[in-house]
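Next come the chains, spelled out residue by residue.
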Amino acid sequence: MSPLEMPTASWIVLAVVQALLMLFLAPLATGFSRVIRAKMHSRQGPGVLQDYRDIAKLLRRQSVAPANAGMIFWMTPWVLVVTMLLIGMALPTVTQVSPFPISGDLITDIYLLAIFRFFFALAGIDSNSMFAGIGSSRELTLGILVEPILILAIVVVALVVGTTDLGYISHALANNSWHRPLTIILAGIVCAFALFIEMGKLPFDSAEAEQELQEGPVTEYSGSALAMVKLGLGLKQLVVVQLFLAIFIPWGKASSLTAGALISATIILLVKLFIVFLIAGLIENSMARVRFTKIHRTIFPAFLVAVLALIFLILGW
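What counts, and at which threshold
- Residues numbered from 1 in each chain as written.
- Predicted model: local features only at pLDDT ≥ 70, side-chain atom pairs only at ≥ 80, totals over all residues.
- Heavy atoms only, no water.
- pLDDT = per-residue confidence, 0-100.
- Contact = heavy atoms within 4.5 Å.
- Patch = residues over 30% accessible without salt bridge, like charges linked within 9 Å, V, L, I, M, F, W, Y side chains within 5 Å.
- Areas by Shrake-Rupley, 256 points an atom, 1.4 Å probe, with all protein chains shown as cover.
- Salt bridge = Lys/Arg side-chain N within 4 Å of Asp/Glu carboxyl O.
- Helix = DSSP H or I, 4+ residues; strand = E, 2+ residues; numbered from the N terminus.
- Buried < 20%, exposed > 50% of the residue type's maximum accessible area, 1.4 Å probe, protein only.

Caption draft 1: Representation of the confidence of the model for the protein chain. Across the protein chain, pLDDT averages 82, with 90% of residues at or above 70. Contacts from residues 207-214, a stretch scored under 50 in pLDDT, to residues over four places away or in other chains number 27 contacts.

Caption draft 2: Examining a nonpolar patch on the surface more closely. On the surface, a cluster of nonpolar side chains totalling about 720 Å² of accessible area is made up of Ile 263, Ile 267, Val 271, Phe 274, Ile 275, Ile 279, Ile 283 and Met 287. Within the fold, Ile 275 resides in helix H9 (residues 259-284). Ile 275 gets classed as partly exposed once you look at its relative accessible area, which sits at 42%.

Caption draft 3: View of the pattern of salt bridges. What the rule picks out here adds up to six salt bridges. The closest approach of N and O atoms between Arg 117 and Glu 139, which form a salt bridge, is 2.8 Å. Separated by 22 residues along the polypeptide, Arg 117 in helix H4 (residues 106-126) and Glu 139 in helix H5 (residues 130-161) bring together distant segments of the chain. The partner of Arg 117 in a salt bridge is Glu 147, with the nearest N and O atoms 2.9 Å apart. In this pair, Arg 117 is assigned in helix H4 and Glu 147 in helix H5, connecting sequence segments 30 residues apart.

Caption draft 4: Fine view of the environment of Lys 57. Considering the arrangement of structural elements, one finds Lys 57 in helix H2 (residues 50-59). Separated by 168 residues in sequence, Lys 57 and Ala 225 have C-alpha atoms that sit 12 Å apart.

In structure tokens form, the structure reads like this:
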């Protein structure tokens, strides 16, 4: 399907259902991460469905905001969810091509991720809370350090395939991914590292606590608005993982829109997600927090690996 071609009704339905399923599974993914953390810390901890109960409780409560909060503060929860749903609609998660190619371009997805971070940080500043403002500045600093690495890794893959269309990239790598193995492997390692940080995992962050680096801008949110922000943050974790799977582990997808093929591809996708979140949970709970002032020292080697992938691309390796 061409990126400029209008998808048919069946593909649009698949894209919408796919995005809604991601929204529904987002609290399950974050709850699973909390369960892994509790088990590794030898404590009971909350159940895997606790995030569903928390969000349902918050949705029934009134949102309260600081007196000086502006329009951006109220818009942000919806912006977070909508931007991630647009990416979720375009990801070739269960099919070999993007079900919604209009937003399935890698450049578009990078911009949507940037919009997510920009509004998330801007909301903390717009709340006129000193602590939220500090969290926003740290969030933007982390974005400046991480996003160039992510962009460079993805651009390298796009140059290997010869297109920025996510569906074509996924299909091409699934059928002929090893004609430049060193380039693809290095780009995959760097992309996994960058997306791990985007998920808000230790040692770079502790996304579970509102008083920590990433969720500092969430300090002034409450009620239904806080529920929407939590949904957006959980949905981002699920989306970035599936973005990595769509590019670098693209096998096991349906080649047609038949019920059997889609069910089989969905089961394979769920297994992949389980493995990735399990590995991410084990990694983040096996190390201590990195001091924020020293994060650049940890990220810089990943940037060098991304540059090395670009060099291997130029050399044809």
